[in-house]
Amino acid sequence: MTERYPGLDARVAAFAATWDRTLPAGTSFVPGGRARRRALLEGFAQRLVAAIIDRDFDRGEGFRVGHDMVHADLAHPRVLLCSTQILREQLLAAVERPEARAAGRLTELLDELVHGFTTAMREQVAGVAESINRSERAAWRDRQRDLEAQVRHQLLHDPLTGLPNRAALGGLLAPMPPRLGLCVVNLRGFAAVNQLLGHDAGNALLLGVAQRLQVLAVDRGYHLGHLGGDTFVLVVPGTAGGDEAIKAADAALRVLPSPWPADGHDIPVAGRAGIVEGPACAGPDELLRQASMALDWARHDGAAWAMYDAGRATAHLRRHQRANALAEALAGGEITAAFQPIVRLADHAVVGMHALPRWVHPAGGPVPEAELLDIAERCGLLAPLGRHLLASACERAAAWQGHEPAPIVSIDVAAGQLRHPDFVDGVIDVLRRTGLPPAKLHVAVPERALHDETDAVAFALDGLDRLGVRVAVAQVGLGHANPTASPVHSVRIDPQLISGLARSSTTHRSNLSMATWLIAMFHDLAIAVTATGVDSRDQAAALRLLDCDYGLGRALGRPMTPDAADLLFGVPDATR
């Protein structure tokens, strides 16, 4: 295994040492002492791991391991109980094989191990069976059956709540209905309960939740399982559509005990659910995977629940593939900048350019800007992407400064970038290297960034202002932040507000009133106003009548390549 999986042998040896320490004292009499017992356990663990990762799975290896444990004088019933428990709970994590297929194989191997162990125990007593009377033999067989049933129950049920676990999910679906719903319910803030009040309080909360959900399941004919930690699963058999699964999830979230009294505190308890509904023939593992993916969507969306959608799953997979390729694309120079004209509405003059990131994925084609920024933020690559775009934009803009009047360049900056401790220093370095005057760089920050509870954003904005860089607040008009509380030189009206300015829009009057008020207010404060998302002539005309200063949108100029921007500002070929 060492050649195929470097470090695996060492992890198996460490697990075997843990296994050895958990065996109760006085339950094994291995000749050669503890060192030999540990070596035996390491050999058994290696055999089980090899069976799990082998391409051709042989569940019979579990039977052979259980049989050999008895012949190695590890034959006490408590040895079997402790061994199956630690193998089920810790083996896969110890050898870093957490995937669902490995868990399924381990369950089958442990099932066979129990059978092999009890078979070998029966074989051992067969030699002395003649000296035991019939009643004693019957009692022995009963004890063996009870032990096997106890171990099987342990393998298929959560030790805290007693509910069926992930390995028992297939059994919850028997007999298989034509369609079913699956709801994975996860508690929000459970980790904080454990950290602040201790694991006893966390366990008490889990038991309380399990009891509430069990009452619901019995009342409505659902099946309930505990997947571990703070995650439960409801199986809704015989569904006729997604609405039934959604109702089950909603009912589960409503019965959560909130607030939960613990150690003199009232703990608010809330949950999220991932839901899937469809043909049962997809199998428990696939349905659980889909419901877990929907649960991740609910977390990301900040929603109480999310329904599995094949289209979104495909998009999720595409984003995952693009996320894996983004770091390489950044290093390889595949991320480029496009430039969209910023137009003075009074005379249609182009006063500058807004830099936009562009990435053409080799397999998936052009990646939309919003998706690119979302992927970068999820992967922790927002800062390097922002630095790359800043450097590209400033390098181009520096070459435009011979044009009269000298144009500006603006870039969007996310709150996460502003919080980075080296953000302002990075801007200083880029301006120094490119020679672009600080006043010609406009940094647009989203309005919601002004809500930041830390001082990091305010510190960065103050640093930019002292440097001479112009700060613009974007997406103004729909939020509740006060841009005038920060060093702001201009604002950008949210595209949603601009979209309603067209005469054909049902919100024309209300949006027009709001835009009129905003533009007048910021002009009174000597703050310039730029309208973003100006995509029609009607919108541009309305904004000119409202005395809006600048505009950005398809109706005023589409994004262009860096070379096209150079030509617009008269940069000669030799300079480019």
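Scope of this entry: the structure provided in the associated data block. (Residues numbered from 1 in each chain as written. Predicted model: local features only at pLDDT ≥ 70, side-chain atom pairs only at ≥ 80, totals over all residues. Heavy atoms only, no water.)

**Here we look at the overall build of the chain**
Logical step 1: Helix and strand counts for the chain stand at 21 helices and 17 strands.
Logical step 2: Over its C-alpha atoms, taken along the principal directions, the chain stretches across nearly 110 × 55 × 45 Å.
Logical step 3: Going through the 576 residues of the chain one by one, you find that 46% of them count as buried.
Logical step 4: Considering only contacts in the chain between residues 6 or more positions apart, those separated by 24 or more positions represent 68%.
Logical step 5: For the chain, the exposed area adds up to about 27900 Å²; of that, 53% sits on carbon and sulfur atoms.
Logical step 6: Here the chain carries 57 positive and 65 negative side-chain charges, and the mean point of each set is 3 Å from the other. (Helix = DSSP H or I, 4+ residues; strand = E, 2+ residues; numbered from the N terminus. Buried < 20%, exposed > 50% of the residue type's maximum accessible area, 1.4 Å probe, protein only. Contact = heavy atoms within 4.5 Å. Areas by Shrake-Rupley, 256 points an atom, 1.4 Å probe, with all protein chains shown as cover. Lys, Arg positive; Asp, Glu negative; His and termini not counted. Charge placed at Lys NZ, Arg CZ, Asp CG, Glu CD.)

**Let's talk about the pattern of salt bridges**
Logical step 1: Under the definition given, this model contains 24 salt bridges.
Logical step 2: The partner of Asp429 in a salt bridge is Arg433, and the shortest N-O contact between them spans 3.0 Å. Of this pair, Asp429 and Arg433 both sit in helix α16 (residues 423-434), four residues apart, roughly one helical turn.
Logical step 3: According to the relative accessible area criterion, Asp429 is partly exposed, its value standing at 28%. (Salt bridge = Lys/Arg side-chain N within 4 Å of Asp/Glu carboxyl O.)

**Here we look at the sheet that holds strand β14 (residues 470-476)**
Hydrogen bonds between backbone atoms are what pair the strands of a sheet, whose relative direction is either parallel or antiparallel.
Logical step 1: Strand order in this closed barrel of eight strands is β8-β9-β12-β13-β14-β15-β16-β17, and the pairing throughout is mixed. Taking each pair of neighbouring strands and ignoring which way they run, the sheet shows an average axis angle of 30 degrees.
Logical step 2: Note that strand β8 (residues 336-344) and strand β9 (residues 349-358) share nine bridges and pair antiparallel. When the bridges of β9 are listed, Thr336 appears paired with Arg358.
Logical step 3: Most of the contacts of helix α14 (residues 382-399) go to β8, to which it runs at about 55 degrees, and overall it touches β8, β9, β12 (408-412) and β13 (441-446).
Logical step 4: The strands touched by helix α19 (residues 508-524) are β14, β15 (490-493) and β16 (528-532); relative to β16, the strand with the most contacts, the crossing angle is about 150 degrees. (Pairing = 2+ DSSP bridges. Axes fitted to C-alpha atoms, helices over the stretch in contact; angles between N-to-C directions.)

**Describing helix α12 (residues 310-331)**
Logical step 1: A rise of 1.5 Å per residue sets the reference length of α12, with its 22 residues, at 32 Å; its end C-alpha atoms lie 33 Å apart and thus fit the reference within 8%.
Logical step 2: Ala325 marks the point of greatest bend in α12, at about 40 degrees.
Logical step 3: Of the positions making up α12, those classed as buried are Ala313, Ala315, Arg322, Ala323, Leu326, Ala329 and Leu330.
Logical step 4: Check the buried side of α12 and you find it contacts α11 (284-301), β10 (360-361), β11 (365-366), α13 (369-378) and α14.
Logical step 5: Capping the start of α12, Asp309 holds a side-chain oxygen 3.2 Å from the backbone nitrogen of Gly311, two or three residues further along.
Logical step 6: With its phi angle positive at about 75 degrees, Gly333 sits one or two positions after the end of α12. (Expected span 1.5 Å × (residues − 1). Bend = angle between axes of the 7 residues up to and from the residue. Polar contact = N/O pair within 3.5 Å; in protein donor to acceptor, adjacent residues only side chain to side chain.)

**So, the layout of surface pockets**
Empty space among the atoms becomes visible once a probe the size of a water molecule is rolled across them.
Logical step 1: One number sums up the size of the largest pocket: a volume of about 1100 Å³.
Logical step 2: Together, 37 residues line the largest pocket, and His354, Glu369, Leu373, Asp412 and Gln475 are the ones closest to its centre.
Logical step 3: The biggest single contributor to the lining of the largest pocket is α13, with five residues.
Logical step 4: Taken as a whole, the second largest pocket spans an internal volume of roughly 890 Å³.
Logical step 5: Around the second largest pocket sit 29 residues that line it, and Leu92, Ala103, Arg166, Ala167 and Leu227 are the ones nearest its centre. (1 Å grid on protein atoms, 1.4 Å probe; cavity = no way out; pocket = protein on both sides within 12 Å on 5 of 7 lines; lining within 4 Å. Points joined across faces, edges and corners; volume = space filled by probe spheres on them.)

**Thoughts on unusual backbone geometry**
Logical step 1: Omega for the peptide link from Glu404 to Pro405 comes to -5 degrees, which places this bond in the cis form.
Logical step 2: Backbone geometry at His348 places phi at a positive 65 degrees, although glycine is not the residue there.
Logical step 3: Checked against the element boundaries, His348 lands in the loop between β8 and β9.
Logical step 4: Positive phi, close to 65 degrees, is recorded for Asp547, a residue that is not glycine.
Logical step 5: Here Asp547 shows up in the loop between α20 (537-545) and β17 (550-552).

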